[in-house]
Amino acid sequence: MVAKLKNKEDLKSALPEMSKMLTLKGLDASIEIYRDSHGIPHVKAQSVHDAFFGQGFVSAQDRLWHMDYDRQRALGRWAEWAGAVALPEDRLMRTFRLERAARADLAVSSPAAQAMLASYAAGVNAFITTTRALPIEYTVLDTTPEPWEDWHCLAVYKVRNMLMGTYEMKLWRARLALGLGPERAAALFQGYPQGALMTTPPGETYQSPPLECLDALAAVAAQLNWLGEVDGGSNAWVISGARTASGLPLVAGDSHRALDTPNVYYQIHIACPTFRVSGYAVPGVPGAPHFSHTEYVAWGMTHGFADHQDLFIERFRTQDSRLKYAYKDAWLPAEVSHTKLLVRGAAPVDLEVVATHHGPIIAGNPHAGTGLAFSHTGTNSGTPWADSVYQLLLARSADDLEEAMREWTEPVNNVVYADVQGEYGYRYRGRLPLRPTANGWAPVPGWTGTYEWSGQIPFAAMPQTRNPQAGYAVTCNQGVTTADYPYYQYLRQL
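Residues numbered from 1 in each chain as written. Predicted model: local features only at pLDDT ≥ 70, side-chain atom pairs only at ≥ 80, totals over all residues. Heavy atoms only, no water.

**Regarding the overall build of the protein chain**
Threshold: Every helix listed is a DSSP run of H or I at least four residues long, and every strand listed is a run of E at least two residues long, numbered separately from the N terminus. Burial status follows relative accessibility: with a 1.4 Å probe on protein chains alone, a residue under 20% of its type maximum counts as buried, one over 50% as exposed, and anything between as partly exposed.
Helices and strands together make up the secondary structure of the protein chain, namely 13 helices and 22 strands. Here the protein chain holds 494 residues, and the buried ones make up 53% of them.

Have a look at this one:
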């Protein structure tokens, strides 16, 4: 049942109380929260725990429905509120196994990062349990929010970013190869254009022969004859203090995200004895890892367009009542799980999720013999990227800031930064797997063992520049670096 709003008073009654003194359990000391003339919340706390508790509380005050919408989507439960129209998305998200990935990330995070997430969740729940005014959407749907858990913070970040990857592009190329033929399709993919600007070294342009993809597309077309079946970008720059009136570097960022109401970002200022930060958070996620600054460092980031997602064509058969997949000279047992998708106003829908060691099957029918496995640095195994979110807040220099990025996983981003000592630079951050070049073009056979991941680009080898002679570093969706970089094929959607 969907409730009807009677009048504008229903909307007014859904606005949270922001002027009273509240007594909440679980705090170390008092927290001061106020909003400036632009409505931006400022949280002043006396401990790190209370700082993140306060951030969770004000985020829920302002964006609880936004956070819950992302949580339901991440967990493949949106149809519980939106009905059958949401089933395709729920099937995909359950198949991606975002809950499993988020829990795995939490398990390998440092104690400090785990404490950050727990404190934030406690703040969210403090609002849920004390407020008399839930967002109006809950009234419309005749429902209430469930308690917020620490790993939910990681899940909502994933659902906002993982679809900015490369797997859809590879499916598209495969479809073109099937529809046009490999030779005609290959002519459409010539790689980065001659003379186009590069990020590193600043001012350098691309000079290299066109990329050759015909062989890769031809091989894919031969294997994919069964296949029946985002916006991204941003600009950012940093300039040397030699070019500014203050004599210190200047950082700027301009995020390009799809139009959304409310906006994907959430401005906030948090202060405690350990750190002070002002910038952009993602509702449901602690810290401010996007466009922000502390007392000592500032950073801005753009989407890196890196190739960190692969699709593997898998062969299946049923043997001894078990579903198995081919790998080299063996048939290995597939991982099979079953779940139910609840649907508002309709009966539950059964879902079977099949996975190989490459990842879950997101297209095709394993029981008919074929499927596409989705392999992704953000879901294959747990990574402690939450450590980067926390360590950014503690950075006191450009060196600290770069080190804080070490554990970042995805999305792969360009980051420009500066510190109060006058250091400035650029670094590519994220996890990029090492594998054959053919993986970058389209789905590849999973049964041969030829296209396996063999590690990742070392953090120290990721493209970067510090205090470049050009006096600036800029990222505006151009290529990351020149073609002589040893890992060039992984740095951009080809």
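**Examining the pairing of strand β14 (residues 346-356)**
As a reminder of what qualifies: In this analysis, strands are considered paired if DSSP registers two or more bridges between them.
One ladder, built from 8 bridges, connects strand β13 (residues 335-343) with β14; its direction is antiparallel. Looking across to β14, one finds that L341 is bridged to V349. Between β13 and β14, which pair antiparallel and follow one another directly, the connecting turn spans 2 residues, one of which, G345, has a positive phi of 80°. Direction of pairing for β14 relative to strand β15 (residues 359-365): antiparallel, over a ladder of 2 bridges. Counted as the bridge partner of A355 is P360 from β15. The loop that links β14 with its antiparallel partner β15 comprises 2 residues.

**With respect to the pattern of salt bridges**
Just so we agree on the cut-off: Salt bridge, as used here: a side-chain nitrogen of Lys or Arg that lies within 4 Å of a carboxyl oxygen of Asp or Glu.
Applying the stated rule across the entire model yields 21 salt bridges. With its nearest N and O atoms 2.9 Å apart, the salt bridge here joins D310 to R435. Taken together, the positions of D310 in strand β10 (residues 309-319) and R435 in the loop between β18 (424-429) and β19 (444-445) put the pair 125 residues apart, joining distant regions of the chain. A single burial state applies to D310 and to R435, both of which are buried. Put simply, D399 and R466 hold a salt bridge, and the shortest N to O gap is 2.9 Å. Residue D399 is located in helix α13 (residues 398-404), and its partner R466 is located in strand β20 (residues 464-466); the two are separated by 67 residues in the primary sequence. Take D399: its relative accessible area is 52%, and that puts it in the exposed class. Under the relative-accessibility criterion, R466 is labelled partly exposed at 25%.

**Here we look at the nonpolar core**
For the record, the criterion: For the purposes of this section, nonpolar cores are sets of buried Ala, Val, Leu, Ile, Met, Phe, Trp, Tyr and Cys residues that join through side-chain atoms within 4.5 Å. The criterion used for residue contact is that any of the two residues' heavy atoms lie within 4.5 Å.
Among the nonpolar cores identified, the biggest contains 86 residues, and V124, W148, F275, W299 and L401 are the most heavily contacted of them. Counting residues per element, this core draws most heavily on helix α2 (residues 48-74), at 10 residues. Those residues in contact with F275, other than ones at most four positions away along the chain, are V48, A51, F52, I270, L393 and L394. One finds M462, A473, V480 and Y490 within the second-largest nonpolar core, a separate group that totals 19 residues.

**Quick notes on the packing of aromatic side chains**
Note the following rule: Any Phe, Tyr or Trp ring, taking Trp's six-membered ring, that has another such ring centre within 6.5 Å forms a pair; planes under 30 degrees apart are called stacked, those over 60 apart edge-to-face, and the others tilted.
Here the structure, examined in full by the defined rule, presents 18 aromatic pairs. With a centroid separation of 5.8 Å and an interplanar angle of 90°, the aromatic rings of Y265 and F291 are classed as edge-to-face. Linking Y265 in the loop between β5 (250-255) and β6 (266-271) with F291 in the loop between β7 (276-281) and β8 (292-294), this pair joins segments that are 26 residues apart in sequence. Each member of the pair, Y265 as well as F291, is classed as buried. An aromatic cluster is present here, built from W65, Y69, W78, W81 and Y138 joined pairwise through their rings.

**Considerations on the layout of surface pockets**
For clarity, the threshold we go by: Throughout, the protein atoms alone are placed on a 1 Å grid, and a set of points is a cavity if a 1.4 Å probe fits but cannot get out or a pocket if it is open with protein on both sides within 12 Å along at least five of seven lines; lining residues have an atom within 4 Å of a point. Grid points are joined across faces, edges and corners, and a volume is the space filled by probe spheres set on the points. Each residue is assigned to one class: nonpolar for Ala, Val, Leu, Ile, Met, Phe, Trp, Tyr, Cys and Pro, charged for Asp, Glu, Lys and Arg, and polar for all the others, Gly among them.
Taken as a whole, the largest pocket spans an internal volume of roughly 490 Å³. The wall of the largest pocket is formed by 19 residues, among which K20, M21, L22, I31 and I33 lie closest to the centre. Elements with a contribution of two residues or more to the lining of the largest pocket: β1 (32-35) and α2. In the lining of the largest pocket, the residues fall into 11 nonpolar, 4 polar and 4 charged.

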